[in-house]
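Chain residues, written in single-letter form:
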Amino acid sequence: MSDDASKQTKGQSLWGGRFERKPAELMQAINVSIGFDQRLAAQDLQGSRAHAGMLSKQGVITSADAAAILGGLDTIEAEMKAGTFPFRDEYEDIHMNVEARLAELIGPVAGRLHTARSRNDQVAVDFRLWVKATCEHTVGQIEALQRALLGQAESHVATIMPGFTHLQPAQPVTFGHHLMAYVEMFGRDCSRFRDAIERMNESPLGAAALAGSPYNIDRRLTAATLGFCSPTANSLDSVSDRDFALEALSAASICAVHLSRIAEEIVIWTTPQFGFISLTDAFTTGSSIMPQKRNPDAAELVRAKVGRILGALTQLTVVMKGLPLAYSKDMQEDKPPVFEAFDALDLSLAAMAGMIADLTPNTERMAAAAGAGYSTATDLADWLVRTLDLPFRQAHHVTGQTVKRAEQLGVGLAEMPLHELQAIEPRITTEVFSVLTPEASVASRMSYGGTAPVRVREQVERWKERLG
């Protein structure tokens, strides 16, 4: 190893040519990012390999130098996999740690790797690669959750339960129909992540610090090598842009809201007051003082994760909102919220898929609750419109009077004596009783997207084909 290389690897900063002293300890403490950005190690090596190969092909560096660089990067990758790579705070970030180690391994040739690039475009491509891969992984996780929901929905296309508005009994639906609503929500989440992937599918590598490069580089080659569809079109925007991270966090936040909503329903449904479903020991915990307790802690924790994920979106938005072009050191703070948010989303999606597969519905309890609260009142109104040709508003008024009388008698609509019904509307016949049960109500909802079991089954089959 040469003296220059030795100096470079003994704590001398890789950017220190103009500086006579090391940074103050406090400056070092606030400046260092290797504690979190080492997570980009695989992407940094991927970007460096693509860059070295392109430099060699374009004749910017020799093939021998490129071979030495690529060999050194292979050694570094092996060290990282073995857990022996020496991550050091003195080199600030993952990029300088890799470059310093490369210099230790192959000498001054390592310095040629940074030709025609800057840490600005280097971190932009590393981070974009990470976010893109993470979004692709998240789509796979969401689809796994959708399959779990589909499995339960297919088993319960005709299982009657109450549908709610304002958490009050509204109209009977099926459990399968209710679960399919979440399949639709998570389908939109997948669509949002795929859209985000399409927009971030451009490579900033080669934009250098902010103005591009004077070297004969081929940005289309490095873009293709890294799996991007094209290079970014403006060098200033290339190093300044974190829209891709903001958009990914936005999609993550909406997905987390959907997870929180179904988690809330699981919490409610497992209470003794509802008793609609049960979870096994796998996804519940007990109490340190109350031996009878079975707590839906997994659902509660998923419900809480939305705060962390939405907070990450807010955090990065605030970091970016006042930055002039091009790069500012503020942008070093872009990665921790993104890492934290996707860690939380990853765990939440896996936990929810597990809970959905684990739950068992109490079909008798659901069916009994489906008829409570005069949930077939709308069916009575619809019958009055269809059979007696009443205007809907008049039918609504008659039905309201009927519900009031049923409350006074302490009976459900299906148990109302015919003479009581006829006292309110004389033309009512015994035929009306055919629409006043929850089963009849559900079966009648035959419109596209409705809760009739035949329609739910159609939607299940559509999504099974779509997910493969």
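Note that the structure is a prediction, hence the values are computed from the model and not measured.

A. Examining the overall build of the protein more closely. Per the secondary structure count, the protein includes 19 helices and six strands. Its C-alpha atoms give the protein a radius of gyration of 31 Å, more than 25% over the compact-globule value 23 Å for 468 residues. Taking the principal axes of its C-alpha atoms as reference, the protein extends roughly 105 × 55 × 40 Å. Burial status across the protein gives 50% buried among its 468 residues. The long-range fraction of contacts in the protein, counting pairs at least 24 apart against all pairs at least 6 apart in sequence, stands at 75%. When the accessible area of the protein is evaluated, it comes to approximately 21,900 Å², of which 53% is carbon and sulfur surface. Placing the 45 positive and 56 negative side-chain charges of the protein at their respective mean positions leaves the two points 2 Å apart.

B. Spatial organisation of the pattern of salt bridges. Summed over the entire model, instances satisfying the criterion amount to 27 salt bridges. As a salt-bridge pair, Lys 81 and Glu 77 come within 4.0 Å of each other at their nearest N and O atoms. Of this pair, Lys 81 and Glu 77 both sit in helix α5 (residues 63-82), four residues apart, which is roughly one turn of the helix. Lys 81 gets classed as exposed once you look at its relative accessible area, which sits at 70%. Exposure remark for Glu 77: the relative accessible area of 27% places this residue in the partly exposed category. We note a salt bridge from Arg 445 to Asp 379, for which the minimum N-O separation is 2.8 Å.

C. Representation of the packing of helix α4 (residues 41-57) against α5 in the model. Close contact between α4 and α5 brings their axes to 9 Å; oriented N to C, the two are set at 170°. As far as their axial angle goes, α5 and α4 are roughly antiparallel. On α5, the residues touching Ala 41, Leu 45, Ser 48, Arg 49, Ala 52 and Ser 56 of α4 are Ser 63, Ala 66, Ile 69, Leu 70, Leu 73, Asp 74, Ile 76, Glu 77 and Met 80. Partitioned by chemical class, the residues of the contact of α4 with α5 number nine nonpolar, three polar and three charged.

Thresholds applied
- Residues numbered from 1 in each chain as written.
- Predicted model: local features only at pLDDT ≥ 70, side-chain atom pairs only at ≥ 80, totals over all residues.
- Heavy atoms only, no water.
- Helix = DSSP H or I, 4+ residues; strand = E, 2+ residues; numbered from the N terminus.
- Rg over C-alpha atoms; globule rule 2.2 N^0.38 Å.
- Buried < 20%, exposed > 50% of the residue type's maximum accessible area, 1.4 Å probe, protein only.
- Contact = heavy atoms within 4.5 Å.
- Areas by Shrake-Rupley, 256 points an atom, 1.4 Å probe, with all protein chains shown as cover.
- Lys, Arg positive; Asp, Glu negative; His and termini not counted.
- Charge placed at Lys NZ, Arg CZ, Asp CG, Glu CD.
- Salt bridge = Lys/Arg side-chain N within 4 Å of Asp/Glu carboxyl O.
- Axes fitted to C-alpha atoms, helices over the stretch in contact; angles between N-to-C directions.
- Parallel < 35°, antiparallel > 145°, perpendicular 65-115°, else oblique.
- Nonpolar A, V, L, I, M, F, W, Y, C, P; charged D, E, K, R; others polar.

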